[in-house]
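# Inside the fold
What follows is the residue order along each chain.
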Amino acid sequence: MKVKKAVFPVAGLGTRFLPATKASPKEMLPLIDKPLVQYVVEEAVASGIEQILFVTGRGKRAIEDHFDIAYELEAVLREKGKNQEARKVREIAEMASIFYVRQKQALGLGHAILCAKDFVGNEPFAVLLGDDIIDAGKPCLGQLLDVFERFGGPVLALEQVPMENISSYGCVKAEMIDDRVYEVTDLVEKPKREDAPSDLAIIGRYVLTPGIFSILERQEPGKGGEIQLTDAIHKLSAREKVYGCRFGGTRYDCGDKLGFLKATVDMALKREELGRDLGDYLRNRLECLQP
């Protein structure tokens, strides 16, 4: 079955970017000239997703406004002869069919996914986290969907990370069964370094089957007192084979200030209208910093 639906959990408070996120969602932080969340929506659409559900919370109205039609703005742009800009604004609203549901309590990622049960129905679906911006020739989600179509089970995006950082991630014990493809045999949420089964971390892209919902409905809180998606997938693996895909591409953790800055610099350097001037500026700055 083709995966046509995706869930975006966006109810988090974004406390690592305070005070910038006091009144504006972290997902709307601009990465050059587009908000973070738009990059991830574009990845989903490029992977064949047609319907998107945002699981929102209080203070997230700006996300809804961004993906809505802005009649007044379009009219002003056209009056000024800025037709290309008007088209770009309209294209944002027409990328996919977008829906919203409110997560009334911050009970964890697993609970946010459970809020999508009625939207998903009895279909496989994707989950994308807006903190992870992934620059790849073939969209990261598209790589996972290829694995899903081949093997028919849930698929997790995997990345090798330094072991000193593994306690910040869910990670897996897995056996490689094909190039970049693994069969997952165990999952652990944010283990201590000495307890981690591998250096393969779970990154913010998933393809899941609807069997996850019956587990989440009965899931007890785990790490941090939250309903952890990793714990639910661990239980799901007893019923269905779970796979991992060590995706190709560069991931930027834009929930982290340094990761956000790295993404801004790298992506700006790739822009035709910015790359040369920014490169010159950075070289000059480095020369100034030399002792």
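Just above sits the structure.
Basis of the calculations
Residues numbered from 1 in each chain as written. Predicted model: local features only at pLDDT ≥ 70, side-chain atom pairs only at ≥ 80, totals over all residues. Heavy atoms only, no water. Buried < 20%, exposed > 50% of the residue type's maximum accessible area, 1.4 Å probe, protein only. Helix = DSSP H or I, 4+ residues; strand = E, 2+ residues; numbered from the N terminus. Contact = heavy atoms within 4.5 Å. Salt bridge = Lys/Arg side-chain N within 4 Å of Asp/Glu carboxyl O. Phe/Tyr/Trp six-rings, centres within 6.5 Å; stacked < 30°, edge-to-face > 60°.

The element helix α1 (residues 36–46) is largely enclosed, with a buried count of 8 among its 11 residues. Of the positions making up α1, those classed as buried are Leu36, Val37, Gln38, Tyr39, Val40, Val41, Glu43 and Ala44. A positive backbone phi angle near 100 degrees is found at Gly48, which sits one or two residues after α1.

The next thing to look at is the environment of Ile92. Within the secondary structure, Ile92 sits in helix α4 (residues 83–93). Using a relative accessible area of 14% as the deciding quantity, one classes Ile92 as buried. Expressed as a C-alpha distance, the spacing of Ile92 and Ala70, which sit 22 residues apart in the sequence, is 9.9 Å. Residues in contact with Ile92, not counting those within four places in the same chain, are Gln38, His66 and Phe67.

All right, on to the pattern of salt bridges then. Oppositely charged side chains may form a pair once their charged atoms are brought near each other. Here the structure, examined in full by the defined rule, presents 20 salt bridges. Of the charged contacts, one joins Glu123 and Lys5 as a salt bridge, the two residues approaching to 3.3 Å between their closest N and O atoms. One end of the pair, Glu123, is in the loop between α6 (117–120) and β6 (125–128); the other, Lys5, is in strand β1 (residues 5–9), with 118 residues separating them in the sequence. A relative accessible area of 25% places Glu123 in the partly exposed class.

With that out of the way, let us pick up the packing of aromatic side chains. Evaluation of the coordinates by the stated rule reveals 7 aromatic pairs. Seen in terms of ring centroids, Phe125 and Phe213 are 5.4 Å apart; in terms of plane orientation they differ by 10 degrees. Their pairing is stacked. In this pair, Phe125 is assigned in strand β6 and Phe213 in helix α8 (residues 212–218), connecting sequence segments 88 residues apart. Phe213 carries the same exposure label as Phe125, and that label is buried. Taken together, the aromatic side chains of Phe8, Phe54, Phe67 and Tyr100 make up a single cluster linked through ring pairs.

Purely geometric numbers; function is a separate question.
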